[in-house]
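Chain and residue survey
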Amino acid sequence: MLTSLVSILVLGEAPPARVVLKAGDKAPELGVMDTKGVTWKLNSLKQDKVYLVEFWATWCTTCKKIAPTVEAFVREKRGENFDMLAVSVDDDLAELRKELRAKKPEWPVLTDPDFSMMNRWGVVGVPRLFFVRNGVILWEREGEVSAEDLSAAWSKFGS
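Note that the coordinates shown come from a computational prediction; the quantities given were computed from them, not determined experimentally. (Residues numbered from 1 in each chain as written. Predicted model: local features only at pLDDT ≥ 70, side-chain atom pairs only at ≥ 80, totals over all residues. Heavy atoms only, no water.)

1. Topic: empty space enclosed by the protein
Going through the model one piece at a time under the given rule, you end up with one cavity of 30 Å³ or more. In this model, the largest cavity occupies a volume close to 190 Å³. Along the walls of the largest cavity sit 16 residues, with Glu54, Trp56, Ala67, Glu71 and Lys103 positioned nearest its centre. At the level of secondary structure, the elements contributing two or more residues to the lining of the largest cavity comprise strand 3 (50-56), helix 2 (61-77), strand 4 (82-88) and helix 3 (93-103). Ranked by residues supplied to the lining of the largest cavity, first place goes to helix 2 with four residues. Partitioned by chemical class, the residues of the lining of the largest cavity number ten nonpolar, one polar and five charged. (1 Å grid on protein atoms, 1.4 Å probe; cavity = no way out; pocket = protein on both sides within 12 Å on 5 of 7 lines; lining within 4 Å. Points joined across faces, edges and corners; volume = space filled by probe spheres on them. Helix = DSSP H or I, 4+ residues; strand = E, 2+ residues; numbered from the N terminus. Nonpolar A, V, L, I, M, F, W, Y, C, P; charged D, E, K, R; others polar.)

Have a look at this one:
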């Protein structure tokens, strides 16, 4: 509180408020590159296709714990109406490349080492997952998720 007050007095403006996204909100821009050097934009996502956007990191123990559940869900549902975008917030790109060589993901892996996308999406911890369709957030969750959580969310809007 004191730090915020000092910022207002010294800088003449309040610090930016943290973005808190929920179902029904417009999804922020992606604006980051994948591991192949392609820059992803929100408007380049296919219309009417649901995307699971997962923020994660190689060092995140919860991310590793839920990975088999998330990957099984994605492999089961992936197709014309569903895909995944994994967003790595690793700043150690060598470690990320090592992990990707071992796992060989079947979906795009976006890299956000400077946390620009993470900040736009209001992500303060990983894992954080969002279902998005047509630029709108359908569901979001931070932390551990189960197969039941994913299936329950999917049953509300999946095809």
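2. Concerning the sheet that holds strand 6 (residues 128-133)
Taken in spatial order, the five strands make up an open sheet running 5-4-3-6-7, and their pairing is mixed. The sheet is open, and its two edges are formed by strand 5 (109-111) and strand 7 (136-142), each paired on a single side. Taken over all neighbouring pairs, the strand axes of this sheet differ in orientation by 20° on average, direction set aside. Strand direction decides the pairing type here: strand 6 and strand 7, joined by six bridges, are antiparallel. Considered in strand 7, the bridge of Phe131 is made with Trp139. Packing against the sheet, helix 5 (residues 147-157) makes contact with strand 3, strand 4, strand 6 and strand 7, and its axis sits at approximately 170° to strand 7. (Pairing = 2+ DSSP bridges. Axes fitted to C-alpha atoms, helices over the stretch in contact; angles between N-to-C directions. Contact = heavy atoms within 4.5 Å.)

3. Points about the packing of helix 2 against helix 5
Between helix 2 and helix 5, the least distance of the axes is 9 Å, while the angle of their chain directions is 35°. Here helix 2 and helix 5 pass one another in a crossing that is right-handed. Each of Thr69, Val70, Phe73 and Lys77 in helix 2 lies in contact with helix 5, whose residues at this interface are Ala147, Leu150, Ser151 and Trp154. Per-class residue counts for the contact of helix 2 with helix 5 are five nonpolar, two polar and one charged. (Left-handed = near helix turned anticlockwise from the far one by under 90°.)

4. Describing helix 5
Three or four residues apart is the spacing at which side chains of an α-helix point the same way, because the helix has 3.6 residues per turn. Taken together, the buried positions of helix 5 are Leu150, Ala153, Trp154 and Phe157. When helix 5 is viewed along its axis, its buried side chains cluster within an angular range of 100° and face the same direction. Among the exposed residues of helix 5, those pointing more than 90 degrees away from its buried face are Glu148, Ser155 and Lys156. At its buried positions, helix 5 is contacted by strand 3, helix 2, strand 4, strand 6 and strand 7. (Buried < 20%, exposed > 50% of the residue type's maximum accessible area, 1.4 Å probe, protein only. Arc of directions from axis to C-beta.)

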